[in-house]
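Each chain, letter by letter, is given below.
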Protein chains: 2
Amino acid sequence: VKGANPMIETGPIPTVDEPTLIKGKIEQATQIMNELDLDLWLTFTSEIGDGGADPVYPMIFGERDVPGGVLVMSRAGDRVSIVGGLDVAVPPATGIWTDVINSAGDPAGCLATLVRRFDPGRIAINYSLTDRKADGLSHGQFLWLQSALAGTRYAAALVSAEELIRRLRGRKSPEEVGRIREAVRQTESIFAELGRFIRAGRTGREMYDFTLREVRRRGLETAWSVDHCPIVTVGPVAPIGHTPPGTTVLQPGWTLQVDFGVKVNGFCADMQRMWYCRAPGETGVPAEVERLFRTVRRGVDVVIENIRPGVPTWHPAEAVRGLLPEAGYPEFTYGVGHSLGRATHDGAPNLGTKDDGRPSGTIEPGNVLTAEGLETLLEGRGWISLEDDVLVTATGNEVLSTQQREMMVV
Amino acid sequence: VKGANPMIETGPIPTVDEPTLIKGKIEQATQIMNELDLDLWLTFTSEIGDGGADPVYPMIFGERDVPGGVLVMSRAGDRVSIVGGLDVAVPPATGIWTDVINSAGDPAGCLATLVRRFDPGRIAINYSLTDRKADGLSHGQFLWLQSALAGTRYAAALVSAEELIRRLRGRKSPEEVGRIREAVRQTESIFAELGRFIRAGRTGREMYDFTLREVRRRGLETAWSVDHCPIVTVGPVAPIGHTPPGTTVLQPGWTLQVDFGVKVNGFCADMQRMWYCRAPGETGVPAEVERLFRTVRRGVDVVIENIRPGVPTWHPAEAVRGLLPEAGYPEFTYGVGHSLGRATHDGAPNLGTKDDGRPSGTIEPGNVLTAEGLETLLEGRGWISLEDDVLVTATGNEVLSTQQREMMVV
């Protein structure tokens, strides 16, 4: 373990919240507040240990426990934190939240006074009916806020920060992209190790355990909850989707699909890779398996070609519509990707379908998106699907993952 | 590392959500719903990766990512989950949430139908103005819920689950207590390592780094956010409170206070320990340091003696009032402890003061509480304080930590 990851025992303590990372997001947020004509933005501080934190909070403040405080940003670039007396040393340690108000037992009064000072027309708060990453305000906090501003005209100035958060979270900074690149690299390296472990006779659970041990040996985390990361879909009998590991044994003549990613320095990768388990006497991949693999590959390539700035988020799903039926397979009617970042499902933008009832938007430079979907069952063989990670650039995109262009054979 | 923690590379994958742990909490929840005359209890599922999860969710479902679902419990013991089609395999994997409804794009309709089936008089939902651990419902989810139940008489049946969560979180099951015991044991072991590292000339940052490396070497996490865990208070110049590590150098004649805990299998310890750094020629601890140490020790002992079932949560703070002034030190006017569990600040019950404006309650068997406070600055020497972890039993309490009865000397 020492050899694999020397940072575990020596050197500075790595955290997700280095000042440059936070500073970049703060600068973006100020710019976006001006784009959207938002005067003030309120985010409650949290203790992040076991849920209940606003997903925005670590992005603009780092993974720092502060109970019962409020972070206040203005469109002019002011950043003021209101925190309790025990916590006054925590915000300045960010290097960014240096303007601290000790709430001294009256956070509501402090907030009302501060809001009056800024005299905002529109105050953004973190709630949303459609994007959980923009819905970090608890109902209790909403009631508290209403009561803190009661009797002032600011109570009527509260608006949803949904679009602010959508843009802020979606426009990855260079440092964020760098961390996602490293997560992709580590995920590919673990996929390579897994490829040497896969063979007929092994269960899904064994392949899951092997992968997780490799994650832990490197001192990393899984990109989504460990109960189903990796997802190991063995042959035609395992259900596709978010499935915990099972006892199905890989049989010759079956495919194996693995959906997996790691989180490195707080940022995620999410990829799908395919293997074929040869039957006795076979030298290659059966024609029917090969043909579906190539069709899915072409489909994901079409999705990727259609990920570019300025197009609606439903555009890639529309572009690939019809491709599977033309090759004689059933249509795929779901979305074809999602944002990737601090979380595997990183909020909007989401590559949904045109009519899925979810709010659409436009793909922007700096978005990092998965390109996936089209998963198709081949009777007697198994599921075939692929997933790559894509960075939107000023003019098109860059595929961050090394695309699988041939079925891997074991 | 292999030697220190073989689980990192071999054996089953450890998770916080073993079925017995969840099952214990589910059984408690059903009982408490009957105590409180609550017919139905709704908790939204979450993706737990980067905040935004309901703190209750991992306790009753495990650390499993499920977006956009609802967990429904009845006072009769029914447990039904409503989840999307990709996620239908996740709830049964708990071994407990085996009754699954595929929401098939209409979770609101599914929920309304299910609620009608139970026909509840009172439906508990997770919001609170005073306890963040009982306030996991987001404002967006609240609006969604109102809309899902609009036009039915159940919209008016929604009540706060605050007291349900207070009791459920507060009454630690034997398995939960076992995990806290292990966290206390590991914390004490790391304190022992740190004691061999402390010496005059070292900075707070160096002692912080040493402690964190020891946490990582054992494959553990800190009990609260790593930016200020451990808190290392060096001599009389460092501020007391939640402070990130600083560059102050430990001087002969100063005290050193460390506030620290680890999280083991999802459960926390939280303890404070004291050292004195001898000046040249000194053989023991100066009388003034010794006298304050003994006074604080006696104060924490009084807190512990007054932690017992059936007394109000403010009783321990009242009991110790006056002890410091009687010995000639300034009064301590804050709370003297908090619940400990999945989080270091584990929600109610909280050992606050009689008049702090926070809701009180009664200490119950199964509560695990810290006993602390009374921190006092000795001019020219530094801060002195202590903290122990205490389990409330049927008749009194059991101190889980090994109490520090002598100042440690370096």
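It should be emphasised that the depicted structure is a prediction, and the values quoted were computed from it without experimental measurement.

Engineer: Describe in detail the packing of helix α3 (residues 107–118) of chain A against helix α4 (residues 139–148) of chain A, supporting the description with residues and values.
Structural biologist: Residue and element names in this part refer to chain A. The interhelical angle for the contact between α3 and α4, taken along N-to-C directions, is 60°, at an axis separation of 9 Å. As far as their axial angle goes, α4 and α3 are oblique. Viewed along their axes, α3 and α4 form a crossing whose handedness is right-handed. Contacts from P107, A108, L111 and A112 of α3 reach α4 at W144, L145 and A148. For the contact of α3 with α4, a count of residues per class yields 7 nonpolar, no polar and no charged.

Engineer: Run through the pattern of salt bridges, naming residues and quoting values.
Structural biologist: Across all of its chains, the model carries 56 salt bridges over all chains by this definition. A:E193 is the salt-bridge partner of A:R196, the closest N and O atoms lying 3.6 Å from each other. In this pair, A:R196 and A:E193 are both assigned in helix α6 (residues 174–197), 3 residues apart and thus about one turn of the helix distant. Between B:E288 and B:R381 there is a salt bridge, and its shortest N-O distance comes to 2.7 Å. Separated by 93 residues along the polypeptide, B:E288 in helix α8 (residues 287–305) and B:R381 in the loop between β14 (376–378) and β15 (382–384) bring together distant segments of the chain. In this structure, a network of salt bridges that share partners links the residues A:E35, A:E163, A:R166, A:R167, A:R171 and A:E364.

Engineer: Can you break down the sheet that holds strand β6 (residues 158–160) of chain A residue by residue, with the values?
Structural biologist: The strands that make up a sheet are held in pairs by hydrogen bonds between backbone atoms, and each pair lies either parallel or antiparallel. Residues and elements named next belong to chain A. Across the sheet, 6 strands lie side by side as β4-β3-β2-β1-β5-β6; this open sheet has mixed pairing. Of all the strands in the sheet, the pair left with one neighbour each is β4 (99–102) and β6. Neighbouring strand axes in the sheet, compared pairwise and without regard to direction, differ in orientation by 25° on average.

Engineer: Outline the packing of aromatic side chains, listing residues and values.
Structural biologist: On inspection of all chains with the given rule, the structure shows 14 aromatic pairs over all chains. Here the aromatic rings of B:F191 and B:F260 are separated by 5.7 Å at their centres, their planes lie at 85°, and the arrangement is edge-to-face. Of this pair, B:F191 sits in helix α6 (residues 174–197) while B:F260 sits in strand β9 (residues 255–260), and the two are 69 residues apart along the sequence. Residue B:F191 is classed as buried on the basis of its relative accessible area of 6%. In this structure B:F260 comes out as buried when scored by relative accessible area, which is 1%. Taken together, A:Y57, A:F61 and A:W97 form an aromatic cluster joined through their ring pairs. Above the face of the B:F197 ring, B:R202 is positioned so that its terminal group lies 3.8 Å from the ring centre. The ring of B:W314 carries B:K354 above its face, with NZ or CZ at 4.4 Å from the centroid.

The rules behind each value
Residues numbered from 1 in each chain as written. Chains lettered and ligands numbered in written order. Predicted model: local features only at pLDDT ≥ 70, side-chain atom pairs only at ≥ 80, totals over all residues. Heavy atoms only, no water. Axes fitted to C-alpha atoms, helices over the stretch in contact; angles between N-to-C directions. Helix = DSSP H or I, 4+ residues; strand = E, 2+ residues; numbered from the N terminus. Parallel < 35°, antiparallel > 145°, perpendicular 65-115°, else oblique. Left-handed = near helix turned anticlockwise from the far one by under 90°. Contact = heavy atoms within 4.5 Å. Nonpolar A, V, L, I, M, F, W, Y, C, P; charged D, E, K, R; others polar. Salt bridge = Lys/Arg side-chain N within 4 Å of Asp/Glu carboxyl O. Pairing = 2+ DSSP bridges. Phe/Tyr/Trp six-rings, centres within 6.5 Å; stacked < 30°, edge-to-face > 60°. Buried < 20%, exposed > 50% of the residue type's maximum accessible area, 1.4 Å probe, protein only. Lys NZ or Arg CZ within 6 Å of the ring centre and 35° of its normal.

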